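# Structural overview for review
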Amino acid sequence: MTEPVYYGVGFPYRIIQDLPGKLIVLEGNDGVGRSTQIAMLRKWLEDEGYAVSDTGLRRSTLTQAGLENAKNGHTLGSLTMSLFYATDFADRLENQIIPALKAGFIVLSDRYFYSTIARDVVRGADPQWARKVYGFALKPDVTYYLRADVPTLVARMVHGRGFNYWEAGMDIRCADNLYDSFCVYQSRLLQEFDAMTIEYGFETVDACRSAMDIFDDLRARLRKLLARP
Amino acid sequence: MGGLIYAESAIINANLHRPPGGKGFAIVLQPNSYRGKLIVVEGIDGSGKSTQIDLLYKWLLSQGKAVYFSEWNSSELVKSTTRLGKDEKAFTPTTFSLLQATDFSDRWENHILPMLKAGVIVMADRYAFTAFARDVARGVDRDWVRNLYSFAPQPDLVFYFRVPVNIAVDRITTGRAKLKYYEAGMDLGLSDNRITSFRLFQQRIINEYDAMVDEFNFEVVDGADVVQNQQKRVRTAVKRLLRGYEGMPNPNLPARRSRRSALKQIAAQGGES
């Protein structure tokens, strides 16, 4: 990464000169297999001798408990949720991601703010407003967009953690039951991600394949990236 | 509800780069288009704004008006996180700004917006302008923080209580316990001494407020003046705003023609102050 580049003005009160690490983002829908891939990539990278740090949504120590509570209640509005997630993101960026990059780590990020924007827009947020909120965000070295169609996502859910309220978008009730709501909600998210592909320069990775095939693909891409000076 | 809020914020954003209304500023906050009225007080700590809004609130209540009061940083949903951040001194200027915007948006979605739609007079002790002044004084970007709050409308009245920093410092240091870490702006590293830091931090905030007077059409009130004089100015401006405004009917009051006597009755029962 070296010279940090931001989507907006970054952190005007903080001069960050050199970030020798690499910021690698995995994006994509719920159930697409991001965390499985991150665990495999982490192991491989550490075997290769890289120092690795990983992060993901809602892992900020500042907001974790409060956001969890808010999601368990029934007064959390869409706008408030959007800003709460932005707080989580900013805290992790300033206090985890940037320090790790400064120390030369490879940071594997399970989702980035693209996911939050996609969710906000599906919930009716103004797309430009949501993008400007993240003007402090660092541009990653690469974003791999793990892309799978809705039937594949459904199969992963069935064989994995099952359907849940938030991943089915039940807060905006896309349908009157979890299964249908999941399908509608995830296909809307898919549209948002697809629309962001060019805007944010995602590298699309076919995630309808087996976990091992996806991993081989990602590993080959990462090898090339890491070989660059 | 969510959809409506955003539909409106989309209009706001479309207007961000519209040629300004002759004053040299882009429109950040759309005019209040709801049935209710929105009245806001702003100013640094120790400017006397809370005293003034409290007097105004009671005065409007005594006239039988439907009034809702909202205070900065008072969302129950966000409270524990704010507490944690303050106790652990874990905030950066960006996370502080975002969390306060989260707090505001929770109050906006759950209280302020429904009250305005219902036709209530909403009074806010601090509003987006506090963030525009304080967060910028902390170092965040002006346009960035204005965008955060662009879903909120421009209030019908914004009273800005202007006091010299020395008077505010005297009021704060004699009337209360020790200045708190963030209140004194200790996170900025301006000085190791809390009072010196507070002074420098508040001066920066005053500079930001002063620069917003025309941008957001502030009614400037001399916060160093006698309390009653200030309240007189405030009430005059509010009366002007409420001329011809019916508001929502108060179910505790009888029909209009016997309103005056009913009010007298309420007053006699000690329902006003």
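Refer to the structure presented above.
Reference entry: report on the structure contained in this document. (Residues numbered from 1 in each chain as written. Chains lettered and ligands numbered in written order. Predicted model: local features only at pLDDT ≥ 70, side-chain atom pairs only at ≥ 80, totals over all residues. Heavy atoms only, no water.)

Residues and elements named next belong to chain B. The five strands are arranged 2-3-1-4-5 in an open sheet whose pairing can be described as parallel. The open sheet is flanked by strand 2 (67–71) and strand 5 (219–222), the only strands paired with a single partner. Neighbour to neighbour, the strand axes of the sheet diverge by 20° on average, direction disregarded. As paired strands, strand 1 (residues 37–42) and strand 4 (residues 157–162) are joined by four bridges and run parallel to one another. Along strand 4, the bridge assignment pairs valine 40 with valine 158. In this fold helix 2 (residues 49–62) packs onto strand 1, strand 2, strand 3 (121–125) and strand 4, with an angle of close to 165° to the strand it touches most, strand 3. (Pairing = 2+ DSSP bridges. Helix = DSSP H or I, 4+ residues; strand = E, 2+ residues; numbered from the N terminus. Axes fitted to C-alpha atoms, helices over the stretch in contact; angles between N-to-C directions. Contact = heavy atoms within 4.5 Å.)

Attention shifts here to the side chain of B:Asp125. Residues and elements named next belong to chain B. Secondary-structure assignment places aspartate 125 in strand 3. A distance of 2.8 Å separates the side chain of aspartate 125 from the side chain of serine 50, its partner in a polar contact. The contacts of aspartate 125, once residues within four sequence positions are left out, are Val41, Lys49, Ser50, Ile53, Phe69, Ser70, Glu71 and Trp72. (Polar contact = N/O pair within 3.5 Å; in protein donor to acceptor, adjacent residues only side chain to side chain.)

Residues and elements named next belong to chain A. Spatial strand order, 2-3-1-4-5: five strands in an open sheet with parallel pairing. Either end of the sheet is taken by a strand with one partner, and the two such strands are strand 2 (52–56) and strand 5 (203–206). The average angle at which neighbouring strand axes cross in this sheet is 25°, direction not considered. Pairing of strand 1 (residues 22–27) with strand 4 (residues 142–147), which is carried by four bridges, proceeds in the parallel orientation. The partner of leucine 26 across the bridge, within strand 4, is tyrosine 144. On top of the sheet, helix 7 (residues 178–199) reaches strand 1, strand 4 and strand 5; it is set at about 145° to strand 4, its chief contact.

These figures capture arrangement, not role.
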